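# Close look at the chain arrangement
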Amino acid sequence: MSEYVIPAPPITSIPVASGGAFPVRRVYCVGRNYAAHAIEMGHDPDREPPFFFQKNPDNLNTTGRFPYPPRTSDVHHEAELAVALKSGGTNIPVEHALDHVYGYALSLDMTRRDLQGEMKMAGRPWEIGKAFEHSAPIGPIHTVTDVGHLEEGAITLRVNGALRQEGNLNQLIWKTPEMISYLSEYFELAAGDVIMTGTPSGVGPVSQGDVMDVELAALGKLSVTVT
Ligand code: MN
């Protein structure tokens, strides 16, 4: 292979709770995957096919700090379970989908809601509202070996100690195996892929200085300060 003509971009990685680092290939995000959140965003909560958008791997942010982004005055928190894949493929059957999961993490799908809203109105892509710098705070990955597969459990988000979002993984409209299977019909999934599974109701704005705490019993707490 020829030598790179510029320095190679670094590979983004997520710390693993039991040691080591998980290298990231792609980040998929599921939209409207809790009925109560679909309703609060003005949509029918019936089970429509899932839809996805992507963030960039280097939007992942393990610093515990979220710098308030430019060109917006309405940045929202979305607390989400993230699924990390150790393998992949295409047309993965639902019953084999969990075999590809390496582990789980707590994450935040930070959203420039004003810009996302403008893009929705115009029928344009969402990247400007979703895939910006530092927009995906994420905690350490807990391996399946350590925590098993997560199918239920309360997921909450507090801002400065006040409860803002509360849901349960058993309320996910599309379950983790279904999401993996569905995605694999459209994309070739692979080791290093991360899927953010959608947010429960209660999304809302944050300001500089706010502390966001995402909690799920099996995964502990992800604490992120808006700077
Ligand atoms: Mn989201």
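In short, a report on the structure. (Residues numbered from 1 in each chain as written. Predicted model: local features only at pLDDT ≥ 70, side-chain atom pairs only at ≥ 80, totals over all residues. Heavy atoms only, no water.)

For strand S3 (residues 27-31), the buried fraction is high: five of the five residues fall into the buried class. Across the two faces of S3 the burial is the same, with Val27, Cys29 and Gly31 and Tyr28 and Val30 all buried. Relative to strand S4 (residues 51-55), S3 is paired through five bridges, and the arrangement is antiparallel. Looking at the pairing, Val27 lines up with Lys55 of S4. (Buried < 20%, exposed > 50% of the residue type's maximum accessible area, 1.4 Å probe, protein only. Helix = DSSP H or I, 4+ residues; strand = E, 2+ residues; numbered from the N terminus. Pairing = 2+ DSSP bridges.)

This part takes up the coordination of the manganese ion. Only Glu78 (OE), Glu80 (OE) and Asp109 (OD) from the protein reach the manganese ion as donors, at distances of 2.0 to 2.2 Å. Counting gaps between the donor residues of the manganese ion yields the pattern E-x1-E-x28-D. What makes Glu78 buried here is its relative accessible area of 5%. According to the relative accessible area criterion, Glu80 is buried, its value standing at 0%. (Donors = N, O, S within 2.8 Å, 3.2 Å for Na, K, Ca; no water.)

Another aspect to go through is the pattern of salt bridges. Enumeration according to the criterion identifies six salt bridges in this entry. One salt bridge connects Glu78 with Arg113, and the closest N-O pair in it is separated by 2.8 Å. With Glu78 in the loop between strand S7 (75-77) and strand S8 (79-85) and Arg113 in helix H3 (residues 113-122), this residue pair connects regions lying 35 residues apart in the sequence. The exposure classification of Glu78 matches that of Arg113, with both residues buried. Of the charged contacts, one joins Arg158 and Glu215 as a salt bridge, the two residues approaching to 3.8 Å between their closest N and O atoms. Linking Arg158 in strand S13 (residues 154-159) with Glu215 in strand S17 (residues 211-216), this pair joins segments that are 57 residues apart in sequence. A relative accessible area of 31% places Glu215 in the partly exposed class. When salt bridges that share partners are traced, they join Lys55, Glu78, Asp109, Arg113 and Lys130 into one network. (Salt bridge = Lys/Arg side-chain N within 4 Å of Asp/Glu carboxyl O.)

Counting buried positions along helix H6 (residues 176-186) gives eight out of eleven residues, so the element sits mostly inside the fold. Contacts made by the buried residues of H6 are with S3, S4, S8, helix H2 (94-97), strand S9 (101-108) and strand S15 (194-196). (Contact = heavy atoms within 4.5 Å.)

Here we take up the sheet that holds strand S6 (residues 65-66). Strands sit in the order S6-S18-S17-S13-S14 across an open sheet of five strands; the sheet is mixed. For this open sheet the edge positions go to S6 and strand S14 (162-168), each flanked by a neighbour on one side alone. The pairing of S13 with S14 spans six bridges and is classified as antiparallel. In the sheet register, Leu157 faces S14, and the bridge partner there is Gln165.

Taken together, six strands build an open sheet; the order of strands is S4-S3-S15-S8-S9-S12 and the sheet is mixed. This sheet does not close on itself; its edge strands, each paired only once, are S4 and strand S12 (142-143). Here S9 runs beside S12; their pairing, made up of two bridges, is antiparallel. Across the sheet, the residue bridging to Tyr104 is His142, located in S12. Each of S3, S4, S8, S9 and S15 is contacted by H6, which is oriented at about 80 degrees to S4, the strand it contacts most. (Axes fitted to C-alpha atoms, helices over the stretch in contact; angles between N-to-C directions.)

A complete count under the given rule lists eight aromatic pairs for this structure. Look at Phe53 and Trp126: their rings are 5.4 Å apart centre to centre, the planes differ by 50 degrees, and that puts the pair in the tilted class. Placement of the pair is Phe53 in strand S4 and Trp126 in the loop between H3 and helix H4 (127-130), with a sequence separation of 73 residues. Across the pair, exposure class does not vary: Phe53 and Trp126 are buried alike. Linked through ring pairs, Phe52, Trp174, Tyr182 and Tyr186 together constitute an aromatic cluster. The ring of Phe132 has Lys55 lying over it, and the distance from NZ or CZ to the ring centre is 5.9 Å. (Phe/Tyr/Trp six-rings, centres within 6.5 Å; stacked < 30°, edge-to-face > 60°. Lys NZ or Arg CZ within 6 Å of the ring centre and 35° of its normal.)

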